[in-house]
Amino acid sequence: MKKWWIQSLQFTAAVAFMAAAFFAGRQAAVTVSVTNQETDAKAKYCVVVDAGHGGDDPGKVGINGMLEKELNLQIAKKLAVFLEMADVEVVMTRTEDRGLYEEGTSGKKAQDMKRRVELMETHAPDLVISIHQNSYGDETVRGAQVFYYTGSAEGKKLAQILQHRLVEGLDPANHRMEKDNDSYYLLKKTSRPIVIAECGFLSNPDEATLLCDPLYQEKAAWHLHMGIMQYLNDI
Ligand SMILES: [Zn+2]
């Protein structure tokens with residue numbers, strides 16, 4: 001049996017420790033809430049994630065029969081989750097297999113593209129990323145590639161970052177570089193920094209198989225999200 005005063009000292013020390021922990025906890029809680037308020041006061045970054053094609057428009061058809069519109073949506077959804085986890089506000093142009101056109105309209109494709117641009121302009125995001133897959137006659141051609149609007153310094157900067165991330169993260173043997181383009185409708189008509197990320201070639205058997213793999217899609221989405229965060233932290 002310990003002496004009563006030793007027990008008493010131990011008890012006092014324990015109470016003091018618990019009180020200190022309690023107040024430290026309160027202090028931490030106060031700090032956290034102030035930080036949250038500061039974060040809330042500052043507008044979140046906003047990114048429009050555009051899953052290309054949809055509905056009547058399948059996009060490219062893979063050598064394995066996979067439709068581009070499906071893959072675009074799967075990767076876009078995964079990208080949206082990663083961005084939201086990083087506290088970015090995400091606006092998706094579509095979340096299901098449908099275009100942005102009215103049924104029964106004669107110019108579905110034109111209406112679809114126009115509405116995508118309207119959505120991008122209305123939300124005035126910090127950037128837009130449009131997810132697509134590529135295809136080519138030569139089955140050996142492969143590799144992700146990011147496109148930006150000719151003359152857009154911000155688009156080019158974003159495309160460079162994303163191209164680098166995709167090469168490093170998905171396929172270091174991919175020697176493609178980001179590329180400018182002055183004819184794609186979305187690039188021409190959107191005033192926000194915008195890139196089109198072609199994640200791979202559906203005409204290449206190996207890449208078509210990889211692009212259908214949910215883990216590979218997640219990897220692609222992860223690296224795109226890392227590149228986007230790198231760009232956003234720099235503007
Ligand atoms: Zn496409």
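See the structure shown above.
So, a few notes on the structure that sits alongside this text. (Residues numbered from 1 in each chain as written. Predicted model: local features only at pLDDT ≥ 70, side-chain atom pairs only at ≥ 80, totals over all residues. Heavy atoms only, no water.)

Turning next to the pattern of salt bridges. Pairs can form between side chains of opposite charge whenever their charged atoms are close. Applying the stated criterion across every chain, the model contains 12 salt bridges. Between Asp50 and Arg116 there is a salt bridge, with the nearest N and O atoms lying 2.8 Å from each other. With Asp50 in strand β1 (residues 46–51) and Arg116 in helix α3 (residues 108–123), this residue pair connects regions lying 66 residues apart in the sequence. Like Arg116, Asp50 is buried. (Salt bridge = Lys/Arg side-chain N within 4 Å of Asp/Glu carboxyl O. Helix = DSSP H or I, 4+ residues; strand = E, 2+ residues; numbered from the N terminus. Buried < 20%, exposed > 50% of the residue type's maximum accessible area, 1.4 Å probe, protein only.)

Binding of the zinc ion to the protein goes through His53 (NE2), Glu68 (OE) and His132 (ND1), at separations of 2.1 Å. In terms of primary sequence, the donors binding the zinc ion are separated according to H-x14-E-x63-H. With His53 in the loop between β1 and α2 (68–85) and Glu68 in helix α2, this pair connects stretches of sequence that are 15 residues apart. (Donors = N, O, S within 2.8 Å, 3.2 Å for Na, K, Ca; no water.)

What follows is about helix α7 (residues 214–232). Note: α-helices contain 3.6 residues per turn, so residues at a spacing of three or four share the same orientation. For α7, which comprises 19 residues, the first-to-last C-alpha distance of 26 Å matches the rise-based estimate of 27 Å (1.5 Å per residue) to within 8%. Of all the residues in α7, the buried ones are Tyr216, Gln217, Ala220, Ala221, His223, Leu224, His225, Gly227, Ile228, Met229, Tyr231 and Leu232. Against the buried residues of α7 lie β1, α2, β3 (127–134), α4 (153–170), β6 (194–201) and α6 (205–212). By the N-cap criterion, in which a side-chain oxygen at the helix start approaches the backbone nitrogen of a residue two or three places on, α7 is capped by Asp213, the distance to Leu215 being 3.0 Å. (Expected span 1.5 Å × (residues − 1). Contact = heavy atoms within 4.5 Å. Polar contact = N/O pair within 3.5 Å; in protein donor to acceptor, adjacent residues only side chain to side chain.)

Val47, Val49, Leu79, Leu83, Ile129 and Ile228 are the most contacted members of the largest nonpolar core, which has 40 residues in total. Among residues more than four places away in sequence, those in contact with Leu79 are Val49, Ile129, Ile131, Ala221, Leu224, His225 and Ile228. Counting residues in each nonpolar core, the second largest holds 12 residues, with Cys46, Val91, Met120 and Ile196 among its members. (Core = buried A, V, L, I, M, F, W, Y, C linked by side-chain atoms within 4.5 Å.)

Turning our eyes to something else, we now look at the packing of α2 against α7. Two elements in contact, α2 and α7, have axes separated by 8 Å at closest approach and are oriented at 50°. Relative to α7, α2 is oriented oblique. Considering only the axes of α2 and α7, their crossing is right-handed. Here Leu71, Gln74, Ile75, Lys78, Leu79, Phe82 and Leu83 of α2 lie close against α7, whose contacting residues are Pro214, Gln217, Glu218, Ala221, Trp222, Leu224, His225, Ile228 and Met229. Considered class by class, the residues forming the contact of α2 with α7 number 11 nonpolar, three polar and two charged. (Axes fitted to C-alpha atoms, helices over the stretch in contact; angles between N-to-C directions. Parallel < 35°, antiparallel > 145°, perpendicular 65-115°, else oblique. Left-handed = near helix turned anticlockwise from the far one by under 90°. Nonpolar A, V, L, I, M, F, W, Y, C, P; charged D, E, K, R; others polar.)

This next bit is on the packing of aromatic side chains. Per the stated rule, a full pass over the model turns up two aromatic pairs. When the ring of Phe82 is compared with that of Trp222, the centres are 5.2 Å apart and the planes differ by 80°; the resulting orientation is edge-to-face. Here Phe82 is found in helix α2, whereas its partner Trp222 is found in helix α7, with 140 residues between them in sequence. Exposure remark for Phe82: the relative accessible area of 13% places this residue in the buried category. Centre to centre, the rings of Phe147 and Tyr184 are 5.8 Å apart; their planes meet at 70°, and the pair counts as edge-to-face. With Phe147 in strand β4 (residues 145–149) and Tyr184 in the loop between β5 (179–181) and α5 (185–189), this residue pair connects regions lying 37 residues apart in the sequence. For Tyr184, a relative accessible area of 33% corresponds to the partly exposed category. (Phe/Tyr/Trp six-rings, centres within 6.5 Å; stacked < 30°, edge-to-face > 60°.)

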